[in-house]
Amino acid sequence: MIPVPSQVRIWLAVGRTDMRRGMQGLALQVQETLGRDPHAGDLYVFRGRNGNLIKIIWHDGLGMSLYAKRLEKGRFLWPSPADGTVSISPAQLAYMLDGIDWRNPRHTFRPELAG
């Protein structure tokens, strides 16, 4: 799990991203496409065409980090390109990284009786 401080904003780069890009290419995409500063301390999340791989870049004040996660089964749920840039909470990012629907998480089990 990525140690995300509470004040950090998390941005989803909607649409498809070329997953061959590294840190510099993704940081350039943040500047040109999203119009944001990749060195401001926010997390930027990118998803590839197949939907089973995401990359995250984050500048923590000391340097840039690149995180990647590939799902063995299923796909990461992603907003449509019409939504523009989407900001999510650290809890929603945790759901996303676990392959759970971060837009509407639900408990799969709820006890009927206590004890």
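Residues numbered from 1 in each chain as written. Predicted model: local features only at pLDDT ≥ 70, side-chain atom pairs only at ≥ 80, totals over all residues. Heavy atoms only, no water.

A.B. asks: Can you walk me through the pattern of salt bridges in this structure?
C.D. replies: Close approach of charged atoms allows side chains with opposite charge to pair. Scanning all chains against the criterion turns up three salt bridges. Across the salt bridge formed by arginine 20 and aspartate 18, the nearest N and O atoms sit 3.0 Å from each other. The exposed category is assigned to arginine 20, whose relative accessible area is 75%. Note on aspartate 18: relative accessible area 34%, which makes it partly exposed. Where aspartate 101 meets arginine 103, a salt bridge forms, and the shortest distance between an N and an O atom there is 3.2 Å. Residue classification places aspartate 101 among the partly exposed residues on the basis of a relative accessible area of 26%. Owing to a relative accessible area of 49%, arginine 103 belongs among the partly exposed residues under this scheme. (Salt bridge = Lys/Arg side-chain N within 4 Å of Asp/Glu carboxyl O. Buried < 20%, exposed > 50% of the residue type's maximum accessible area, 1.4 Å probe, protein only.)

A.B. asks: Sorry, what's going on with the pairing of strand E2 (residues 43–47) here?
C.D. replies: The two faces of a sheet get side chains in turn, since along a regular strand they alternate between them. Among the five residues that make up E2, five are buried, leaving the element largely enclosed by the rest of the structure. In E2, alternate side chains face the same way, and those of Leu43, Val45 and Arg47 on one face and Tyr44 and Phe46 on the other are all buried. The pairing of strand E1 (residues 10–13) with E2 spans four bridges and is classified as parallel. Bridge pairing links alanine 13 to phenylalanine 46 in E2. Each parallel crossover has a hand, and for E1 linked through helix H1 (residues 23–34) to E2 it is right-handed. Relative to strand E3 (residues 53–59), E2 is paired through five bridges, and the arrangement is antiparallel. Within E3, the position partnered with valine 45 by the bridge is isoleucine 56. Between E2 and E3, which pair antiparallel in sequence order, lie five residues; one of them, glycine 51, sits at a positive phi of approximately 90°. (Helix = DSSP H or I, 4+ residues; strand = E, 2+ residues; numbered from the N terminus. Pairing = 2+ DSSP bridges. Right-handed = clockwise from strand over helix to strand, strands pointing away.)

As far as function goes, none of this settles anything; it's purely spatial.
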